[in-house]
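Chain by chain, the residues run as shown.
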Amino acid sequence: MRRIFGIILIFLFLISCKQEYLPRNISAISVETYNIDTTSIRAIQVIDSTTVVYAGSNGTIGTTVDNGKTWSILNIKYKDSIIPNFRSLAFNGSDYFALSIANPALLYKISDMEATLQYTEEGAKVFYDAIAFFDDNKHGIAVGDPTENCASILITDDGGENWHKIPCENLPEIAEGEAFFAASNTNIKTIGSTVYIASGGKKSRILKSNNFGKTWQLFETPIIQGNGPQGMYSIDFYDKNNGIAIGGDYSKPLENKANKAITADGGKTWTLIADAENPNYKSCVQYVPNTNGKEVFAVGKTGISYSKDGGLTWNKVSNDSYYTIQFINKNTAWLGGANKIGKLEL
């Protein structure tokens, strides 16, 4: 009898595991706003239900540990006069790493609200766009626009203590006019030892490495491309095979042609979705955790949109303008925007 009862329990468990996730019916949302003066926030790191850190355009690092009630602000200057414009921020489990755009590139480690400069790079073409750590928290990677005929890619294998730039002979050659967008710190995605990086401009393609950046592949996409502001601005993957990309033309934000695509083979091939349908230009797309890749949010200066079928169809759920979004869990997310941080509760 006990054996039969045990078999029945296992059978019921297996059935429950196979049940299809039923997405929520979300028609509108509200976002609690925290005003942050004189800084554009395109990079955030959500740690837990009460802790979030942002990096701002005026050299500020902001931290709350009490769910947004109070904020601690660190102001960073380089050589007493240069204020870094941070659009990239990463967390390795203990320390934060903020990376500035433009010349000179400045990469700081933030520990206990103290900043230490870890890497600098000077040059007329220097412009870094995004940074992330891999799951092991030892390996990290940053991507920037080309200074030669390849992407500018920095890597670390010691938790961010030392960074070095990958030589072009070890990277795929990219097209003249192909670059990357520093819009939301989400044109880069890591899973395990794999990294995906989305380009834009003259070409809009996926750079992929399965081994922490040692070797690379380059894949074409059908996303709009051909000139400077066109291409992929953001990507996300909910496993190593299934991902989504979004972007468009920043100079024509109301257009919605060829600006959304999905992949089911790890970025090798992409299929346009909701083509010529809203949402239009967006700077960030993210899967909602623990929804089996069904629920997706996209944010940008044209508002916030939601999909409950993996991106095939969408509803606009808010007119609020934000650059980036990051989820704590399936019910809560933080957002970064112009002079503000937002918190979304579902």
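Just so you know, these numbers come straight off a predicted model, no measurement behind them.

(A) Representation of the packing of aromatic side chains. If you walk through the whole model with that rule in mind, you get 18 aromatic pairs. Between Tyr-250 and Tyr-281 the ring centres are 5.6 Å apart and the planes differ by 85°, which places this aromatic pair in the edge-to-face class. You can see Tyr-250 sitting in the loop between β20 (243–249) and β21 (260–263) and its partner Tyr-281 sitting in the loop between β22 (271–272) and β23 (284–287), a full 31 residues away along the chain. Among the aromatic side chains, those forming a connected cluster through ring pairs are Tyr-34, Tyr-54, Trp-71 and Trp-334. It is Lys-301 that lies over the ring of Tyr-250; its NZ or CZ is 3.8 Å from the centre. Note that Lys-340 overlies the ring of Tyr-322, its terminal NZ or CZ placed 4.2 Å from the centroid.

(B) A look at the sheet that holds strand β2 (residues 52–56). The strand order across the open sheet built from six strands is β4-β3-β2-β1-β28-β27, with neighbouring strands paired in antiparallel fashion. At either end of the open sheet lies a strand with only one pairing partner, and these are β4 (72–75) and β27 (324–329). Geometrically, the sheet is characterised by an average inter-axis angle of 45° between neighbouring strands, direction not taken into account. Looking at chain direction, strand β1 (residues 31–46) and strand β28 (residues 332–345) are connected through six bridges and run antiparallel. The residue bridging Thr-33 from the neighbouring strand is Gly-342, located in β28.

(C) Examining the side chain of Thr-63 more closely. With respect to the helices and strands, the residue Thr-63 is situated in strand β3 (residues 60–64). Not counting the four nearest positions on each side in its chain, Thr-63 is found in contact with Val-52, Val-53, Thr-70, Trp-71, Ser-72 and Met-113.

(D) The pattern of salt bridges, seen in detail. Overall, the coordinates contain eight salt bridges when judged by the stated rule. Here Glu-295 makes a salt bridge to Arg-24, at a shortest N to O gap of 2.7 Å. Here Arg-24 lies in the loop between α1 (2–18) and β1 and Glu-295 lies in the loop between β23 and β24 (296–300), a separation of 271 residues in the sequence. The exposure class assigned to Glu-295 is buried, which follows from its relative accessible area of 0%. Under the relative-accessibility criterion, Arg-24 is labelled partly exposed at 22%. Between Lys-165 and Glu-121 there is a salt bridge, with the nearest N and O atoms lying 2.7 Å from each other. Here Lys-165 is found in strand β12 (residues 164–165), whereas its partner Glu-121 is found in strand β8 (residues 114–121), with 44 residues between them in sequence. The class of Glu-121 is buried, set by a relative accessible area of 11%.

(E) Spotlight on the sheet that holds strand β17 (residues 205–209). Read from one edge of the open sheet, four strands run β14-β15-β17-β18, paired in antiparallel fashion. The open sheet terminates on both sides in strands that have one partner only, identified here as β14 (188–191) and β18 (217–220). Adjacent strand axes in the sheet meet at a mean angle of 20°, parallel and antiparallel pairs treated alike.

(F) Seen up close, unusual backbone geometry. At the junction of Asn-103 and Pro-104, the peptide bond is cis and its omega measures out at 0° in the coordinates. Take Pro-104: it is sitting in the loop between β6 (96–100) and β7 (105–111). Of note, the bond from Asn-278 into Pro-279 is cis; its omega dihedral lies within 30 degrees of zero at 15°. Relative to the elements of secondary structure, Pro-279 occurs in the loop between β22 and β23. With phi around 55°, Asn-292 is a residue other than glycine that occupies positive phi space.

(G) Examining the environment of Asn-242 more closely. You can see Asn-242 is positioned in the loop between β19 (230–237) and β20. In this structure Asn-242 comes out as partly exposed when scored by relative accessible area, which is 22%.

(H) Expanded view of the state of the cysteines. Summed over all chains, the structure comprises one disulfide. Through a disulfide, Cys-150 is tied to Cys-168; the S-S separation comes to 2.0 Å. In this structure the cystine formed by Cys-150 and Cys-168 twists about its S-S bond by roughly -75°; its chirality is therefore left-handed. With Cys-150 in the loop between β10 (140–144) and β11 (152–156) and Cys-168 in the loop between β12 and β13 (178–179), the pair connects residues that are 18 residues apart, well separated along the chain. What makes Cys-168 buried here is its relative accessible area of 15%.

(I) The arrangement of the nonpolar core in detail. Counting residues in each nonpolar core, the largest one holds 19 residues, and the members touching the most others are Ile-141, Ile-153, Ile-188, Ile-197 and Trp-216. Elements with a minimum of two residues in this core: β9 (128–133), β10, β11 and β15 (194–198). Sequence-distant contacts of Trp-216, defined by excluding residues within four places in its chain, comprise Ile-141, Ile-153, Ile-166, Asn-170, Leu-171, Pro-172, Val-195, Ile-197, Leu-207, Lys-208 and Ser-209.

The rules we used
Residues numbered from 1 in each chain as written. Predicted model: local features only at pLDDT ≥ 70, side-chain atom pairs only at ≥ 80, totals over all residues. Heavy atoms only, no water. Phe/Tyr/Trp six-rings, centres within 6.5 Å; stacked < 30°, edge-to-face > 60°. Helix = DSSP H or I, 4+ residues; strand = E, 2+ residues; numbered from the N terminus. Lys NZ or Arg CZ within 6 Å of the ring centre and 35° of its normal. Pairing = 2+ DSSP bridges. Axes fitted to C-alpha atoms, helices over the stretch in contact; angles between N-to-C directions. Contact = heavy atoms within 4.5 Å. Salt bridge = Lys/Arg side-chain N within 4 Å of Asp/Glu carboxyl O. Buried < 20%, exposed > 50% of the residue type's maximum accessible area, 1.4 Å probe, protein only. Disulfide = S-S within 2.5 Å. Core = buried A, V, L, I, M, F, W, Y, C linked by side-chain atoms within 4.5 Å.

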